[in-house]
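The residues making up each chain are set out below.
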Amino acid sequence: MFITFEGLDFCGKSTQVQLLEKYFTSKGGNVKIIREPGGTPISEKIRDILLDKKNSEMSIETELILFSASRSQLVNEIILPGLRKGTIVISDRFHDSSIAYQGFGRKISLHFVEELQSFVIGKAIPDITFFLDIPIKEVIARKSKVSKVDLDRIESSKMDFYKRVRDGYLYLADKEKRFCTIDGTLSIEEIHKIIINKVEELEKA
Ligand code: TYD
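Quick caveat, the model's predicted, so the values are computed rather than measured.

(A) Representation of helix 7 (residues 159-175) within the structure. For helix 7, built from 17 residues, the straight-helix expectation of 24 Å at 1.5 Å per residue is met to within 8% by its first-to-last C-alpha distance of 25 Å. The secondary structure elements touched by the buried residues of helix 7 are strand 1 (2-7), helix 4 (95-105), strand 4 (128-133), helix 6 (136-144) and strand 5 (179-183).

Okay, structure coming up:
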C-alpha cells in the first residue's frame, strides 16, 4: 500500500504520518516512511539546495525541476522496490505538492506540471492521499508561533501564494478519487481516527 499526505505548511501532516506509522507497526506491518523533498542521499542533497534561504535567486523552473529530480530518485530507489516487497510506504508530500505549489502557487503551466509528474512517478501512484485542509488564517496563526529564522525559503512566501496552493489542492480533491480531504482544524486524535477508518476500508477492499 502506498499512502501520501498533503496539505499547506503547518497543516499537521508530520504528526499524522508518525501516528499512522505506529498503527501499522503495532499490527506487525513493514512500514517505510519518507519525506519530500528528500529520502535518498541524492534527494537529501537536492532538498538542501531547495530549502536554503541563501538560494533566493532560484527560478521557479529550477525549483520545479529540482523537486521532480528529487522525487524521481525516490521513486526508483525506495518507493517502487519497497512496494514490490510488500512494504507499506507512507510519504509526507509527493507529486501533488508540485501540482499545488509549483502549478498553482508559482503559476507554472498546469498541463506541463501534470505531465512532468506522471513522467516522474510512473507506476508509483498512491492508493490514497490524505489532504489535511486548513484555512489560510490558520496557516497565519500557526506560522506566527514559529520564529522567522526557523522558516524555510518556501514557508517564508506570502499568504496569497498559500491561497493559490490551497486552490490547487481543492482542484485535486475534486479531480482525484484517491483524495481524502480531512478538516485539519480537528484534534490530532479525531484526524487520526478518520485516517485509520479509511485505511481499514482500503485494506478490506
Ligand atoms: P518541509 O520542511 O518538508 O515542509 P512541510 O513539513 O510543511 O512539508 O518543506 C517542504 C517545502 O517545500 C514546503 O513549503 C512545501 C514545498 N514543496 C513544494 O513547493 N513542491 C513540492 O513538490 C514539494 C514536495 C514541497
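(B) Here's a closer look at the side chain of Arg-47. For Arg-47, the location among the structural elements is in helix 2 (residues 41-51). Setting aside chain neighbours within four positions, we find Arg-47 in contact with Arg-35, Glu-36, Pro-37 and Gly-38.

(C) Representation of the nonpolar core in the model. Ranked by internal contacts, the top residues of the largest apolar core, which has 49 residues, are Ile-3, Leu-20, Phe-24, Ile-79, Ile-90 and Phe-130. Per-element tally for this core: the top contributor is helix 3 (residues 60-84), with 6 residues. When near neighbours in sequence (up to four residues on either side) are disregarded, Ile-3 contacts Leu-20, Phe-24, Val-89, Ile-90, Ser-91, Ile-128, Phe-130 and Val-199.

(D) The arrangement of the site of the ligand in detail. In the neighbourhood of the ligand, 15 residues make up the surrounding shell, with Asp-9, Lys-13, Arg-93, Ser-98 and Gln-102 lying closest. Side-chain polar atom of Gln-102 to a nitrogen atom of the ligand: 2.8 Å apart, as the coordinates give it. The fraction of the free accessible surface of the ligand (540 Å²) that becomes covered by protein chains is 90%. Among the elements that make up the shell around the ligand, the one with the highest residue count is helix 4 (4 residues). Among the residues forming the shell around the ligand, the class breakdown is 4 nonpolar, 3 polar and 8 charged.

(E) Up close: the packing of helix 2 against helix 3. Between helix 2 and helix 3, the shortest axis-to-axis distance is 9 Å and the interhelical angle comes to 160°. As judged from the angle between their axes, helix 2 and helix 3 are roughly antiparallel. When you trace helix 2 past helix 3, the crossing you get is left-handed. Taking contact as the criterion, the partners of Pro-41, Ile-42, Ser-43, Ile-46, Ile-49 and Leu-50 in helix 2 are, on helix 3, Glu-63, Leu-66, Phe-67, Ala-69, Ser-70, Gln-73, Leu-74 and Glu-77. When grouped by side-chain class, the residues that make up the contact of helix 2 with helix 3 number 9 nonpolar, 3 polar and 2 charged.

(F) Here's a closer look at the packing of aromatic side chains. Taken as a whole, this structure holds 9 aromatic pairs when the rule is applied. Ring centres of Phe-2 and Phe-94 lie 5.1 Å apart, and the angle between their planes is 80°; this geometry places the pair in the edge-to-face category. Placement of the pair is Phe-2 in strand 1 and Phe-94 in the loop between strand 3 (88-92) and helix 4, with a sequence separation of 92 residues. Like Phe-94, Phe-2 is buried. Where Phe-104 meets Tyr-171, the ring centres are 5.2 Å apart and the plane angle is 45°; that geometry is what we call tilted. With Phe-104 in helix 4 and Tyr-171 in helix 7, this residue pair connects regions lying 67 residues apart in the sequence. Members of the aromatic cluster, each reached through a chain of ring pairs, are Tyr-101, Phe-131, Phe-161, Tyr-162, Tyr-169 and Phe-179.

(G) The arrangement of unusual backbone geometry in detail. A cis geometry characterises the amide bond from Glu-36 onward to Pro-37, with omega recorded as -10°. Note that Pro-37 resides in the loop between strand 2 (31-35) and helix 2. Phi is positive for Arg-93, close to 80°, though the residue is something other than glycine. Relative to the helices and strands, Arg-93 resides in the loop between strand 3 and helix 4. The exposure class assigned to Arg-93 is buried, which follows from its relative accessible area of 10%.

(H) Just the side chain of Arg-178, in detail. With respect to the helices and strands, Arg-178 occurs in the loop between helix 7 and strand 5. Those residues in contact with Arg-178 that sit more than four places away from it in its chain are His-95, Asp-96, Ile-125, Pro-126, Asp-127, Ile-128 and Thr-129.

Criteria and cut-off values
- Residues numbered from 1 in each chain as written.
- Predicted model: local features only at pLDDT ≥ 70, side-chain atom pairs only at ≥ 80, totals over all residues.
- Heavy atoms only, no water.
- Helix = DSSP H or I, 4+ residues; strand = E, 2+ residues; numbered from the N terminus.
- Expected span 1.5 Å × (residues − 1).
- Contact = heavy atoms within 4.5 Å.
- Core = buried A, V, L, I, M, F, W, Y, C linked by side-chain atoms within 4.5 Å.
- Buried < 20%, exposed > 50% of the residue type's maximum accessible area, 1.4 Å probe, protein only.
- Near = heavy atom within 4 Å.
- Polar contact = N/O pair within 3.5 Å; in protein donor to acceptor, adjacent residues only side chain to side chain.
- Areas by Shrake-Rupley, 256 points an atom, 1.4 Å probe, with all protein chains shown as cover.
- Nonpolar A, V, L, I, M, F, W, Y, C, P; charged D, E, K, R; others polar.
- Axes fitted to C-alpha atoms, helices over the stretch in contact; angles between N-to-C directions.
- Parallel < 35°, antiparallel > 145°, perpendicular 65-115°, else oblique.
- Left-handed = near helix turned anticlockwise from the far one by under 90°.
- Phe/Tyr/Trp six-rings, centres within 6.5 Å; stacked < 30°, edge-to-face > 60°.

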